[in-house]
Amino acid sequence: MASALIEKYMRTDKFPHMWCPGCGHGIIMRSIVDAIDRLGWEKDNVCVVSGIGCSSRAPGYMDFNTLHTTHGRALAFATGIKLANPDLHVVVVSGDGDSSAIGGNHLIHAARRNIDITTIVFNNNIYGMTGGQYSPTTPTNYFGSTAPYGNIDRCFDIAELAGAAGATYTARSTIYHVPQMTNYIEKALRKKGFSLVEAISICPTSFGRRNKLGDAVDMIKWIRDSAVPVSKASTMSSDEMVGKFTIGELKNTEAPEYTQQYDRLIERLREEDDA
Amino acid sequence: MKSNFKLMQGNEACVEGALYAGMRFYSGYPITPSTELMEISAVKLPLLGGKFLQMEDEIAGIAAAIGASLTGFKAMTGTSGPGFSLKQENIGYAAITEVPLVIVNIQRGGPSTGLPTSPAQGDVMQAKWGTHGDHPVIALCPSSVREMFELTVRAFNLAEKYRTPVILLADEIVGHMREKIVVPEAGELEVINRNEPAPRQSNYLPYSVADGAYVPEIASFGTGYRFHVTGLMHDETGFPSNSSENAEKLLDRLMNKIKMNEDDILDFEEYMTEDAEIVILGYGGTARSVKSAVKTLRKEGIKAGMFRPKTIWPSPEKRIKELSEQAKAIIVAELNLGQYVLEVERIVKDSCKLGFIGKANGEVLMPDEIAAKAKEVL
Ligand code: SF4
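Parameters at a glance
- Residues numbered from 1 in each chain as written.
- Chains lettered and ligands numbered in written order.
- Predicted model: local features only at pLDDT ≥ 70, side-chain atom pairs only at ≥ 80, totals over all residues.
- Heavy atoms only, no water.
- Helix = DSSP H or I, 4+ residues; strand = E, 2+ residues; numbered from the N terminus.
- Rg over C-alpha atoms; globule rule 2.2 N^0.38 Å.
- Contact = heavy atoms within 4.5 Å.
- Buried area = accessible area lost by both parts, 1.4 Å probe.
- Polar contact = N/O pair within 3.5 Å; in protein donor to acceptor, adjacent residues only side chain to side chain.
- Pairing = 2+ DSSP bridges.
- Axes fitted to C-alpha atoms, helices over the stretch in contact; angles between N-to-C directions.
- Near = heavy atom within 4 Å.
- Nonpolar A, V, L, I, M, F, W, Y, C, P; charged D, E, K, R; others polar.
- Phe/Tyr/Trp six-rings, centres within 6.5 Å; stacked < 30°, edge-to-face > 60°.
- Buried < 20%, exposed > 50% of the residue type's maximum accessible area, 1.4 Å probe, protein only.
- Expected span 1.5 Å × (residues − 1).
- Bend = angle between axes of the 7 residues up to and from the residue.
- Salt bridge = Lys/Arg side-chain N within 4 Å of Asp/Glu carboxyl O.
- Patch = residues over 30% accessible without salt bridge, like charges linked within 9 Å, V, L, I, M, F, W, Y side chains within 5 Å.
- Areas by Shrake-Rupley, 256 points an atom, 1.4 Å probe, with all protein chains shown as cover.
- Lys, Arg positive; Asp, Glu negative; His and termini not counted.
- Charge placed at Lys NZ, Arg CZ, Asp CG, Glu CD.
- Parallel < 35°, antiparallel > 145°, perpendicular 65-115°, else oblique.
- Left-handed = near helix turned anticlockwise from the far one by under 90°.

A count of helical and extended segments in chain B gives 13 helices and 15 strands. Over its C-alpha trace chain B gives a radius of gyration of 21 Å, about what one expects of a compact globule, namely 21 Å for 378 residues. Seen through its C-alpha atoms, chain B measures out along the principal axes to roughly 70 × 45 × 45 Å. Taking as baseline every contact in chain B between residues at least 6 positions apart, the subset at least 24 positions apart corresponds to 77%.

Structure (C-alpha cells):
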C-alpha cells in the first residue's frame, strides 16, 4: 500500500528527501497523500502550499500543484489561490513556528473567514531547519538554542487557537497514532470550511537532542505516553495533565464558507443588475 | 465618435486602467493615500465576477495576489510607503518565481508613519533596492490622471509579457488629483496576456526558455500542469537547486530579460530639449512643476527643457547620457532629499554640471523654486 501511494503521489525523482533520519515529517506527508487518495481527488485539482522550514519542504515531494512560499505566509498565498479558483482543493502544510509565530496572524484570519483550506501543522515543538531555536509550542522549561537556560514562555495550543478563531474543523493527532491522524486529515479535507489538523511530530536532531529525549524511537514512545484522548482528559485534573497534551477531534461545526459566500455575492449583484 | 470624458481622481483612474487591462483580483490592506484603490476595487470587481479581498495585513495583501496570479488571474495590490516596506520580501518572491503582478505605491512622506497625507517621492530607491538580493525591477511613474490609467495598463502588459512584478510608483499628487480625462475605448490601448503553454503539452518546464529567449511560458495552477514554485534558487524544472552554476544561470536570465528588452520597456517624455542648455529632470507629480518652470525660463530667454522618465527603473540611461553631452547642466527635481539624482549622477559623470532641488517636508516643489535653482546652477 505504502509503495503504491508513493508511486502514485510522490515525485520520486526528487528523493532522497532532505529530512534527517528519524524525522517524523515523512509520516505526516504519507498520511496526507493517503487521505487525498481515499477522497479520490484528481492530482491536477489539488494545490499544496507551504511556508518555510523543514515541514515546508514537503510539497516539493508531492505531485500536485505545489507552492513553497515565504516564511509564515503560506495561508496568505493559499487564500489568494482558493478565492481566485475555488475549484482547487487547497492544502497548507506548515510548521509550528511558521503557522503560529510569524504566520499567526494569517492563521487566525483564515480561520475567521472560514475559507475552505485545510492546514496540516507539522508540530515538532522547535525550529528545526534553523538549528533548534524555541518556538511558540516549545513546552515551558524545555531547551532550545535560544533557550539555553530553559524556555520561560508559555506555549500555544495551535488547534484550540484555530478553533477559537473560527475554524470549523480542528483535530490533533500524532505520528504514533497514524490511522487516527490520517482519519482526521481526511475529515479535515472533506470539511467545506477552514480546517486544521495539528500533527505532533518529532525532531530528534534538534528538539530531542537538546532535551535529552533519546533517539527517534524513544521520542515516538514519549509522544505515545504524553498523548491523552480528549474524552479521558476531561476526567483528569490539571496536575495530572502536566506534560501531557490532548489528541482527538476538538471542533467539528458548520458555518458559511468564504468562497461560497463570495460567489453568492457575485450572483446577487448579477441578479440586481438584471432586475 | 462618442467621447468619453470623465472627471476622475488618480487612484480611480488606476483601478479603471487595471480593469481595462483585465485585472480580476485585488488584495490589499488600507493605507492612506492609496486606500481608494481598494475602495473602488471593492465596488467594481464583484460586479465583473472578479475577486476583491481585504487581507489582514500588507504582507498578506501581496501574498494573496501572487497566489491568485498563479491561478491565471491578472492581480494587483496597492499600498503607500510603510506598506510598501512590508511587501518587500514578497516582491522578491514574485521576482524570483516570475509571477506577473502589479504593485501600486502611492508614495507619502516618510520615514516610518511620516506624513500620511502629504506627497513625497521617497520610495524611488526602495522600489529598486528594497527587497534583498539582485533582481530586475520595472517601475513606472505617472504624472497625470490620464497617465495613471495608461501606465497601469502598461504595468499589467509588462508584468504579463515579462513574467515579473511591476511597480507603479505614483505619488500622492497624482493619486489624489482630479482631472478631466478621456477614457480610452476598448481596443484603443494594447492589452497583453501572459504566454501560456499549449494545452496538455508534455514535458512542460516552467522555467525553461528557448535559446536566445528570456521569458518562459507560464501555466496556471489547475490547468493540468503540476509544477513546483519556490523562492529558492531553482532550475528549469522549478525545483530547488543550490549549485552556483545554476544560480548564476537563473540570475543572468532574470536580469537579462529586462536588460535585453529595454528598447521595449523604456518610456520617457521630453519637452523643449532639442536645443536645451539646461535640462530639468522630474518625474511623477513633480514633473508638472518642472514643465511650468521650463516655460517660465524660456520666456526669460533661457534655453531650458524637461526630461521626464516614465520608466524610472530601468532608467533611460542612454538618453540621459546624450542629454548630458548636449546640455551645460542637468537639474534633478524630486520630492526627497536626493535619490534619483544619485542614478543621474552615475550616468552623467563629468559630462555636464549636475544640480539638485529636493524637498521632503510634505510640500510640493513650486515652479518658481525650480526655475530659481536652474538659474543658480547655470
Ligand atoms: S531538523 Fe528536525 S524537523 Fe528538520 S528534518 Fe531534521 S529531524 Fe526533521
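Back to the text.
Another point: the interface of chain B and chain A. Contacts between the two partners involve 39 residues from chain B and, on the opposite side, 39 residues from chain A. In total, chain B and chain A occlude about 3100 Å² of area from one another, counting both sides; carbon and sulfur atoms represent 60% of this. Taken as a group, B:Lys51, B:Glu56 and B:Arg226 account for 23% of the area that chain B buries against chain A, more than any other trio of residues on that side. One can count 14 residue pairs in polar contact (both at pLDDT 80 or more) joining chain B with chain A. At the level of secondary structure, the elements contributing two or more residues to the side of chain B that touches chain A comprise helix 2 (35-47), strand 3 (51-54), helix 3 (58-70), helix 4 (81-97) and strand 9 (228-230) of chain B. The element contributing the most residues to the side of chain B that touches chain A is helix 3 of chain B, with eight residues.

Attention now moves to the sheet that holds strand 10 (residues 245-252) of chain A. With mixed pairing, the nine strands of this open sheet are ordered in space as 9(A)-10(A)-7(A)-8(A)-4(A)-3(A)-1(A)-2(A)-9(B). Only two strands of the sheet have a single partner each, and these edge strands are strand 9 (227-229) of chain A together with strand 9 of chain B. The sheet shows a mean angle of 20° between the axes of neighbouring strands, direction not considered. Direction of pairing for strand 4 (residues 117-123) of chain A relative to strand 8 (residues 195-200) of chain A: parallel, over a ladder of six bridges. Within strand 8 of chain A, the position partnered with A:Phe122 by the bridge is A:Ala199.

Near the ligand the following residues occur: A:Trp19, A:Cys20, A:Cys23, A:His25, A:Cys54, A:Asn124, A:Gly128, A:Cys203, A:Pro204 and A:Thr205. Classifying every residue of the shell around the ligand by side-chain character gives six nonpolar, four polar and no charged.

All right, on to the packing of aromatic side chains then. Residues and elements named next belong to chain B. In total, this model carries 15 aromatic pairs over all chains according to the counting rule given. Between Phe268 and Phe307, the ring centres sit 5.1 Å apart and the planes meet at 40°, which makes this aromatic pair tilted. With Phe268 in strand 10 (residues 268-271) and Phe307 in strand 12 (residues 304-309), this pair connects stretches of sequence that are 39 residues apart. The class of Phe268 is partly exposed, set by a relative accessible area of 31%. Taking 5.7 Å as the distance between ring centres and 70° as the angle between the ring planes, the aromatic pair formed by Tyr283 and Tyr340 counts as edge-to-face. In this pair, Tyr283 sits in the loop between strand 11 (278-282) and helix 10 (286-299) while Tyr340 sits in helix 12 (residues 340-348), placing the two residues 57 residues apart along the sequence. Like Tyr283, the residue Tyr340 is buried in the burial classification. Taken together through their ring pairs, the aromatic side chains of Tyr204, Phe221, Tyr225 and Phe227 make up a single cluster.

Looking now at helix 2 of chain B. Residue and element names in this part refer to chain B. Its 13 residues give helix 2 an end-to-end C-alpha distance of 19 Å, which sits within 8% of 18 Å, the value for a rise of 1.5 Å per residue. At Ser41, helix 2 shows its largest kink, close to 30°. Those residues of helix 2 lying buried are Thr35, Glu36, Leu37, Met38, Ile40, Ser41, Leu45 and Pro46. Backbone geometry just after helix 2 places Gly49 at a positive phi near 80°.

Applying the stated criterion across every chain, the model contains 46 salt bridges over all chains. Notably, a salt bridge pairs A:Lys8 with A:Asp37, separated by 2.9 Å at the nearest N-O pair. Residue A:Lys8 is located in helix 1 (residues 2-9), and its partner A:Asp37 is located in helix 2 (residues 25-39); the two are separated by 29 residues in the primary sequence. Linking A:Arg172 and A:Asp157 is a salt bridge whose minimum nitrogen-to-oxygen distance equals 2.7 Å. Within this pair, whereas A:Arg172 is found in strand 7 (residues 169-174), its partner A:Asp157 is found in the loop between strand 6 (133-134) and helix 7 (158-165), the two being separated by 15 residues in sequence. Each of B:Glu147, B:Asp267, B:Glu269, B:Lys291, B:Arg308 and B:Lys310 takes part in one network of salt bridges that share partners.

All names here are of chain B. An order of 3-2-4-5-7-6-13 is seen for the seven strands of this open sheet, with the pairing classed as mixed. A strand with exactly one partner marks an edge of an open sheet, and here the two such strands are strand 3 and strand 13 (311-313). The average undirected angle you get between the axes of adjacent strands in this sheet is 25°. Of the strand pairs in this sheet, strand 6 (residues 138-140) and strand 13 are connected by two bridges, and their pairing is antiparallel. Pairing of Ala139 across the sheet is with Trp313, part of strand 13. Set on the sheet, helix 3 makes contact with strand 2 (23-28), strand 4 (74-79) and strand 5 (101-107); between it and strand 4 the angle comes to about 170°.

On to a negative patch on the surface, then. Together, A:Glu267, A:Glu271, A:Asp273 and A:Asp274 line one region of the surface with negative charge. You can call A:Glu267 partly exposed: its relative accessible area is 40%.

It is worth spelling out unusual backbone geometry at this point. In this structure, the amide linkage connecting A:Phe15 to the following residue, A:Pro16, adopts the cis form with an omega of 5°. One can find A:Pro16 in the loop between helix 1 and helix 2. Cis geometry marks the peptide bond from B:Gly110 to B:Pro111; its omega dihedral reads 5°. Relative to the helices and strands, B:Pro111 resides in the loop between strand 5 and helix 5 (124-129). Within the chain, A:Asn114 stands out as a residue other than glycine whose phi angle is a positive 55°. For A:Asn114, the location among the structural elements is in the loop between helix 6 (104-113) and strand 4.

If you trace the backbone, A:Ser99 turns up in helix 5 (residues 96-100). For A:Ser99, the contacting residues outside a window of four places in its chain are A:Ser94, A:Gly104, A:Leu107, A:Val121 and A:Ile158.

Further remarks concern the packing of helix 1 (residues 10-21) of chain B against helix 2 of chain B. For any two helices packed against each other, one specifies the inter-axial angle together with the distance between the axes. Residue and element names in this part refer to chain B. Viewed as axis vectors pointing N to C, helix 1 and helix 2 meet at an angle of 45°, and their least axial separation amounts to 8 Å. One element, helix 1, and the other, helix 2, form an angle in the oblique class. In the crossing of helix 1 with helix 2, the sense of the turn from one axis to the other is right-handed. Where helix 1 approaches helix 2, its residues Asn11, Glu12, Cys14, Val15, Glu16 and Leu19 are matched on the opposing element by Glu36, Leu37, Ile40, Ser41, Lys44 and Leu45.

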